[in-house]
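Below, each chain spelled out in residue letters.
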Amino acid sequence: MSQATNRIDQLFADRSKKRFIPFLTIGDPSIELSFELVKEMIAAGADAIELGVPYSDPLADGPTIQRASQRALAGQVSIRDVILLVARLRQAGVEAPLILFTYVNPVLQYGLERFFADLAANGADGVIIPDLPIEENAEAVRLAKEHDLHVISLVAPTSDSRIAKIGQQAEGFLYCVSSLGVTGTRSSLRNDLDQFLGKVRESTNAPIAVGFGISTPEQVKDVAQHADAVIVGSAIVQEIERNLPLLKAEESLQEGIGNVKTFVQNLASALQ
């Protein structure tokens, strides 16, 4: 088994330690800044990173990530650029798991076999494809396994009768969607979240990570009581958006990066 798979598996080898996984849209506001932000997020306490591939029709994403995708696409950022960024991060000494978050259409356009071969060759550890249901993911899972990569499955409160099937197939970790609808910050989480996560836990031996709607240190701490990892996306993308004026000016660039790093640090520290 390769080091690529082991990055995710080793991350969750000790289940007593909770993990923090931030998401950012690559290319927002530029590839160069995404490179710097990933490194700073890891320095701030991130245990793994989700690298969002900008896409014109991101069905699972709310307005915040949609805007980030539009900004990145305006800069001509492609799925190939995100894969090459993984290689660059590895060359820079980043050892944390790096997981692409993309949609099935860009993957099919890229070519399924080529996609997984290139992920592995450039040092990625897995991929999340929210619009690829488990009933249709056999070929992707097969190719991923050939390259010692993980296809991370998603399970939602509405999955209901499918929870057991999704849980049995899960590898790397199982991404539990904490709320219905698209991604985005929320003032409160579902009252029955712990019951849902308990049901998921019964269905799988894989670690469970919870995302969608988590945006504050308090929510991170609450969710971590029932999960092995907490994923935060929209709140971080929103913080990057808030700092765009600073990030786009050379004289204030470091201040903007510092603001994002501090925001991530506050979220990650809730798990300590």
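Residues numbered from 1 in each chain as written. Predicted model: local features only at pLDDT ≥ 70, side-chain atom pairs only at ≥ 80, totals over all residues. Heavy atoms only, no water.

1. So, the sheet that holds strand E2 (residues 49-52)
Working step 1: The sheet built from nine strands is open, its strands ordered E5-E4-E3-E2-E1-E9-E8-E7-E6 with parallel pairing. Sheet topology places strand E5 (150-152) and strand E6 (154-155) at the edges, where each strand pairs with a single neighbour.
Working step 2: Across two bridges, the pairing between strand E8 (residues 208-211) and strand E9 (residues 229-232) is parallel. Within E9, the position partnered with valine 210 by the bridge is valine 230.
Working step 3: Together, strand E1 (19-25) and E9 form the strand contacts of helix H11 (residues 234-242), whose direction differs from that of E1 by roughly 50°. (Pairing = 2+ DSSP bridges. Helix = DSSP H or I, 4+ residues; strand = E, 2+ residues; numbered from the N terminus. Contact = heavy atoms within 4.5 Å. Axes fitted to C-alpha atoms, helices over the stretch in contact; angles between N-to-C directions.)

2. Examining the pairing of E2
Working step 1: Taking every second residue as pointing to the same face, both faces of E2 are buried, with Ile49 and Leu51 on one and Glu50 and Gly52 on the other.
Working step 2: Chirality of the crossover, the property in question, places the unit of E1, helix H2 (residues 31-43) and E2 among those that are right-handed.
Working step 3: Sheet topology places E2 next to strand E3 (residues 98-101); four bridges connect them, and they run parallel. Pairing of isoleucine 49 across the sheet is with leucine 98, part of E3. (Buried < 20%, exposed > 50% of the residue type's maximum accessible area, 1.4 Å probe, protein only. Right-handed = clockwise from strand over helix to strand, strands pointing away.)

3. Observations concerning the pairing of E1
Working step 1: With seven of its seven residues buried, E1 lies for the most part within the structure.
Working step 2: Residue alternation in E1 divides its side chains into two sets, Arg19, Ile21, Phe23 and Thr25 and Phe20, Pro22 and Leu24, and both sets are buried.
Working step 3: In this structure, E1 lies alongside E9, joined through four bridges in parallel fashion. From the neighbouring strand, arginine 19 faces E9, where its bridge partner is alanine 229.
Working step 4: Pairing geometry for E1 and E2, over three bridges, is parallel. Paired with threonine 25 across the bridge in E2 is glycine 52.

4. Considering H2
Working step 1: The terminal C-alpha atoms of H2 lie 19 Å apart, and with 13 residues this matches the ideal 18 Å at 1.5 Å per residue to within 8%.
Working step 2: All of the buried residues in H2 are Leu33, Ser34, Phe35, Leu37, Val38 and Met41.
Working step 3: Contacts made by the buried residues of H2 are with E1, E2, helix H4 (79-91), H11, helix H12 (244-247) and helix H13 (253-268).
Working step 4: Glycine 45 sits one or two residues past H2 and shows a positive phi near 120°. (Expected span 1.5 Å × (residues − 1).)

5. Things to note about empty space enclosed by the protein
One simple way to see leftover space: roll a probe sized like a water molecule over the atoms.
Working step 1: By the definition in use, this model includes two cavities of 30 Å³ or more.
Working step 2: One number sums up the size of the second largest cavity: a volume of about 50 Å³.
Working step 3: Considering the residues around the second largest cavity, the lining is formed by Phe23, Thr25, Gly52, Val53, Pro54, Tyr55, Pro58, Asp61, Ile65, Ser69, Phe101 and Tyr103.
Working step 4: Of all the elements in the fold, those that place two or more residues in the lining of the second largest cavity are E1 and helix H3 (63-74).
Working step 5: Within the lining of the second largest cavity, the residues separate by chemical class into eight nonpolar, three polar and one charged. (1 Å grid on protein atoms, 1.4 Å probe; cavity = no way out; pocket = protein on both sides within 12 Å on 5 of 7 lines; lining within 4 Å. Points joined across faces, edges and corners; volume = space filled by probe spheres on them. Nonpolar A, V, L, I, M, F, W, Y, C, P; charged D, E, K, R; others polar.)

6. Description of the nonpolar core
Working step 1: Within the largest apolar cluster, 73 residues are counted, with the highest numbers of intra-cluster contacts made by Leu51, Leu100, Phe115 and Phe116.
Working step 2: Top element by residues in this core is H13. It accounts for seven residues.
Working step 3: Apart from the residues within four sequence positions on either side, leucine 100 is in contact with Leu51, Val53, Val82, Ile83, Val86, Phe115, Leu119, Ala124, Gly126, Val127 and Ile128.
Working step 4: In terms of nonpolar packing, the next biggest core, distinct from the first, is built from 24 residues, Ile65, Ala68, Phe212 and Ala229 among them. (Core = buried A, V, L, I, M, F, W, Y, C linked by side-chain atoms within 4.5 Å.)

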